[in-house]
Amino acid sequence: SEGGGVMMRDAAKEVMFAIDLKVLHRFWSKVDMSGDCWLWTAQTNRQGYGRFSVEEGGKWRVYQAHRVSAVLHGSLVGPMDLIMHSCDTPSCVNPKHLSVGTEATNRADCVEKRRQARGVAVGGAKLDESTVREIRTLLAAGAPGVSVARKFGLTNSSVSSIRNFHTWRHVQ
């Protein structure tokens, strides 16, 4: 490319474009490297992930800044791959904190780090913690699952999952 530079390939978007030194300087000028996390200081999306625009053939395309950083540092990113943050900081672009993953590995990481919504924080939850405790108390006292399900407007399967701690595990 003009002015020297590197080719950037982001297979997830099936694009390849030249990043010259001017674009590299513009990217890194938007990063605060003063801490362990290298924080993106420019535009972010609602979730806090950095957004970086690159001109391609007279049109501007927006990329997630952490994806750009990962690819610049040699990560091979496939069409279904995600870039995961070990630091759980969406605005971080430190390549030491970034790794390539899939939807499944990202979900497993979320569960392992206990970042998934639980209980009443789950959208559309019909129950709250006190109701779950009441259900478990009734079941422990010998109430039939069918009766408990009817009383709370639940399915038998839902009551069974509550009884066996398949759901609402965090409620004792």
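Criteria and thresholds
Residues numbered from 1 in each chain as written. Predicted model: local features only at pLDDT ≥ 70, side-chain atom pairs only at ≥ 80, totals over all residues. Heavy atoms only, no water. Helix = DSSP H or I, 4+ residues; strand = E, 2+ residues; numbered from the N terminus. Buried < 20%, exposed > 50% of the residue type's maximum accessible area, 1.4 Å probe, protein only. Contact = heavy atoms within 4.5 Å. Phe/Tyr/Trp six-rings, centres within 6.5 Å; stacked < 30°, edge-to-face > 60°. Polar contact = N/O pair within 3.5 Å; in protein donor to acceptor, adjacent residues only side chain to side chain. Axes fitted to C-alpha atoms, helices over the stretch in contact; angles between N-to-C directions. Parallel < 35°, antiparallel > 145°, perpendicular 65-115°, else oblique. Nonpolar A, V, L, I, M, F, W, Y, C, P; charged D, E, K, R; others polar. Pairing = 2+ DSSP bridges. Left-handed = near helix turned anticlockwise from the far one by under 90°.

Focus: the overall build of the protein chain
Along its length, the protein chain carries six helices and eight strands. For the protein chain, the N- to C-terminal ordering of α and β elements is β-β-α-β-β-β-β-α-β-β-α-α-α-α. Going through the 172 residues of the protein chain one by one, you find that 32% of them count as buried. Taking the contacts inside the protein chain whose residues are at least 6 apart along the sequence as the reference set, 44% of them involve residues at least 24 apart.

Observations concerning the packing of aromatic side chains
A full pass over the atoms with the stated rule returns five aromatic pairs. Here Phe 27 and Trp 40 contribute two aromatic rings whose centre-to-centre distance is 5.0 Å and whose plane-to-plane angle is 45°, an arrangement assigned as tilted. Taken together, the positions of Phe 27 in helix H1 (residues 21-28) and Trp 40 in strand S4 (residues 39-40) put the pair 13 residues apart, joining distant regions of the chain. Like Phe 27, the residue Trp 40 is buried in the burial classification.

Concerning the side chain of Ser 69
Relative to the assigned elements, Ser 69 resides in helix H2 (residues 65-72). Within polar-contact distance, the side chain of Ser 69 engages the backbone oxygen of Val 93 at 2.5 Å. Discounting chain neighbours no more than four positions away, the residues touching Ser 69 are Phe 27, Trp 28, Val 93, Pro 95 and Leu 98.

Considering the packing of helix H4 (residues 129-140) against helix H6 (residues 156-163)
When two helices pack together, their arrangement is given by the angle between their axes and by how far apart the axes lie. Two numbers describe how H4 lies on H6: the axes approach to 10 Å, and their chain directions differ by 90°. Overall, the two elements H4 and H6 adopt an arrangement that is roughly perpendicular. Across the interface between the two elements, Val 132, Ile 135, Arg 136 and Leu 139 from H4 touch Val 159, Ile 162 and Arg 163 from H6. The residue inventory of the contact of H4 with H6, partitioned by class, reads five nonpolar, no polar and two charged.

Observations concerning the pairing of strand S5 (residues 51-56)
Of the two faces of S5, the one lined by Phe 52, Val 54 and Glu 56 is fully buried and the one lined by Arg 51, Ser 53 and Glu 55 carries no buried residue. Looking at chain direction, S5 and strand S6 (residues 59-64) are connected through six bridges and run antiparallel. Following the sheet pairing, Glu 55 is matched in S6 by Trp 60. Connecting S5 to the antiparallel partner S6 that follows it, the hairpin turn spans two residues, and Gly 57 within it adopts a positive phi of roughly 55°.

So, the environment of Cys 37
Of note, Cys 37 is situated in the loop between strand S3 (31-32) and S4. With near-sequence residues (within four places) excluded, Cys 37 lies in contact with Asp 32, Cys 87, Thr 89, Cys 92 and His 97.

Examining the side chain of Ser 161
Within the secondary structure layout, Ser 161 lies in helix H6. Each residue touching Ser 161, except ones within four places of it in the same chain, is listed here: His 166 and Thr 167.

Focus on the packing of H4 against helix H5 (residues 145-152)
It is the contact of H4 with H5, at a shortest axis distance of 10 Å, that shows an interaxial angle of 155°. What the angle tells us is that H4 and H5 run roughly antiparallel. Regarding H4 and H5, the two cross each other, and that crossing is right-handed. Packed against H4, whose contacting residues are Thr 131, Glu 134, Ile 135, Leu 138 and Leu 139, the element H5 presents Gly 145, Val 148, Lys 151 and Phe 152 at the interface. Residues belonging to the contact of H4 with H5 are distributed by class as follows: five nonpolar, two polar and two charged.

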